[in-house]
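This is what each chain is made of:
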Amino acid sequence: MSGAPEGNVEARPATEVAMSAQSAGFAESLRAAGGAKLARSAGFAKSAQSIEVLILGGGIIGLSSAWEAAKRGFRVTVLEAEEFGGQASGAAAGMLAPFSENTESPDAFFRLCADSHARYPDWVRELEELTGRSVELRGSGSLNVAFHEADFLSLRARLEWQSRYGTGFELLGASELRRLEPELSEQALGALYCPGESHVFAPKLVGALEEACRRAGVRLVAHAGRVAGLERVAGTGVAVRTAGAGSWLADRVVVCAGAWSGFVREWLPVDVPVHPIRGQICAYDGKGGRIRHMIFSSQAYWVGKKDGSLVCGASEDVAGFERSVTEQGIGRLTRWSGRAMPYLRDVSPSRGWAGLRPATLDGWPLIGSVPEAPELILACGHYRNGILLSPATAAIVGDLLQGKNDGYGNVFGIERFSPAGTTRRGLG
Ligand SMILES: Cc1cc2nc3c(=O)[nH]c(=O)nc-3n(C[C@H](O)[C@H](O)[C@H](O)COP(=O)(O)OP(=O)(O)OC[C@H]3O[C@@H](n4cnc5c(N)ncnc54)[C@H](O)[C@@H]3O)c2cc1C
């Protein structure tokens, strides 16, 4: 993982004087110290090559946005509080499931998921060619399994609308299902088959993105610590002070701090309503080869990885910023694994881990500029789908940096949580 600042882009860290400045008015201190180059204008008249973009957070969203911004000519720095990919992105199962994750209707969130999924093959090809690393993209397809007659109701409803957006969907009966997945238990009554869904190995994807950023000239700073000051600099940009990597000045700041993104409210009058939802997950080494598809049920999912492991996830619990696994959380997954696949009945998972999903009040991500501070762009709150949504999010961040609109009528913007805001779920 990356350490001290490196890369071939001109640095804009602030001076020692600034680093010791207190949070109130520290941008003023930076300016007075004269050691940091402040942008003259935050307007879009400047060319991308002269615009400094500071990305806060080095998970999948920060890294993919950084790579995209660098490809579009911006000068990009990523400050990661700890290790790149060390939080939710490294913990994820890596499923790319726009249909299984959208069971109700083809709304804007479904369109975003489908758009991102459609981008994946080319995005991964470019990433793998550039870095020489495989991210193990596999078009396994998925099976949403019914263990109760009542489950068929929602599967039928899904089949009806989802088959307009993809091909090969099928509602399978028990015998057809077992032909596709012989290891499923007799209790599996049928399934909705969705051949288009796929998955990646999330830690490898994060590693490849880190490498792609490096090759694209992005300055990567790990162990920067938490933000200890963030201040708008009148008409020019934003000053950011970190606990571990000094102070930085930039024309634009993109907040990609996952479950921690609410930190912004400590420094600016902007409430970023993101909170952590813990996901506990486990893996059975050597057991993945017997399962051919991603399998979803109402209680758990299973996905076989190239290394032979079978990943089973995941709990959704409220535990603050606690990332430990519990006996109860992993125990529930183990019981369900044995029920769904009898060959796992007496097998304990080889390992368990947990990550903190960045959740918003309505389950949709927050992607957009902040009206009260237009130099600030939010790209956070991706909850259960940050891996799936990374190429589309990066493209939107790139567009916003270039002063374009997001192509979605700003429905993912923070305005939806303001008192005057309107959302699909009637918040505000
Ligand atoms: C168990 C589990 C399974 C999942 N499975 C899937 C899946 O199959 N498919 C899918 O699409 N999604 C999945 N997800 C969701 C997905 O992992 C997240 O939506 C995604 O990783 C969010 O990415 P991120 O970059 O926003 O957040 P993170 O990966 O959490 O990255 C945020 C980064 O910001 C850093 N940071 C925090 N504060 C600061 C600060 N002040 N300054 C600088 N850096 C800071 C953190 O250290 C962290 O590295 C899963 C999540 C979990 C927990």
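Residues numbered from 1 in each chain as written. Predicted model: local features only at pLDDT ≥ 70, side-chain atom pairs only at ≥ 80, totals over all residues.

1. Thoughts on the sheet that holds strand E4 (residues 142-146)
Note the following rule: Two strands are said to pair when DSSP picks up at least two bridges between them. The secondary structure listing takes helices from DSSP runs of H or I that are at least 4 residues long and strands from runs of E that are at least 2 residues long, numbered from the N terminus. Helix axes are fitted to C-alpha atoms over the stretch in contact, other axes to C-alpha atoms as well, and angles between N-to-C directions run from 0 to 180 degrees.
With respect to topology, eight strands assemble into an open sheet ordered E5-E6-E4-E14-E15-E16-E13-E17, the strand pairing being mixed. Both outer strands of the open sheet, strand E5 (170-173) and strand E17 (351-359), are each paired with one neighbouring strand and no more. Here the strands of the sheet are splayed against their neighbours by 25° on average, with no regard to which way each runs. Relative to strand E6 (residues 190-194), E5 is paired through four bridges, and the arrangement is antiparallel. When the sheet's bridge partners are listed, leucine 172 is paired in E6 with alanine 191.

2. Some thoughts on the confidence of the model for the protein
Inclusion rule: Confidence scores per residue from the predictor, reported as pLDDT, run from 0 to 100. Placing C-beta atoms from the backbone, we regard two residues as in contact once those atoms come within 7 Å.
Here the protein averages 89 in pLDDT, while 87% of its residues score no lower than 70. Overall, residues 14-24 carries pLDDT values under 50, and its contacts beyond four positions in sequence, including any with other chains, amount to 28 contacts. In the predicted structure, residues 422-428 sits below a pLDDT of 50 and forms 17 contacts with residues beyond four places in sequence or in another chain.

3. Details of helix H3 (residues 60-71)
How we decide: What a helix is expected to span follows from its residue count: subtract one and scale by 1.5 Å. With C-beta atoms placed from the backbone, a residue is labelled by how many other C-beta atoms lie within 10 Å of its own: buried for 20 or more, exposed for 12 or fewer, partly exposed between the two.
Compared with the 16 Å implied by 1.5 Å per residue over 12 residues, the 16 Å span of H3 between its first and last C-alpha is a close match. Every buried residue belonging to H3 is among Ile60, Ile61, Gly62, Leu63, Ser64, Ser65, Ala66, Trp67, Glu68, Ala69 and Ala70, and all of these are buried.

4. Points about the pairing of E4
In terms of burial, E4 is largely enclosed, as five of its five residues are buried. Covered by surrounding structure in E4 are Ser142, Asn144 and Ala146 together with Leu143 and Val145, the residues of both alternating faces. With five bridges connecting them, E4 and E6 associate as antiparallel partners. Within the sheet, the bridge partner assigned to leucine 143 lies in E6 and is tyrosine 193. With three bridges joining them, E4 and strand E14 (residues 294-296) adopt parallel strand pairing. Each residue of the ladder has a partner; that of serine 142, found in E14, is methionine 294.

5. Points about the site of the ligand
The line we're drawing: The criterion for a residue being near a molecule or strand is a backbone-placed C-beta atom within 6 Å of that molecule or strand. When residues are grouped by polarity, Ala, Val, Leu, Ile, Met, Phe, Trp, Tyr, Cys and Pro land in nonpolar, Asp, Glu, Lys and Arg in charged, and all others, Gly among them, in polar.
Of all residues adjacent to the ligand, which total 44 residues, the nearest are Gly59, Gly258, Gly279, Gly355 and Gly386. Every element with two or more residues in the shell around the ligand is listed here: H3, helix H4 (88-91), strand E13 (275-284), E17 and helix H10 (386-401). Residues of the shell around the ligand, tallied by class, amount to 24 nonpolar, 15 polar and five charged.

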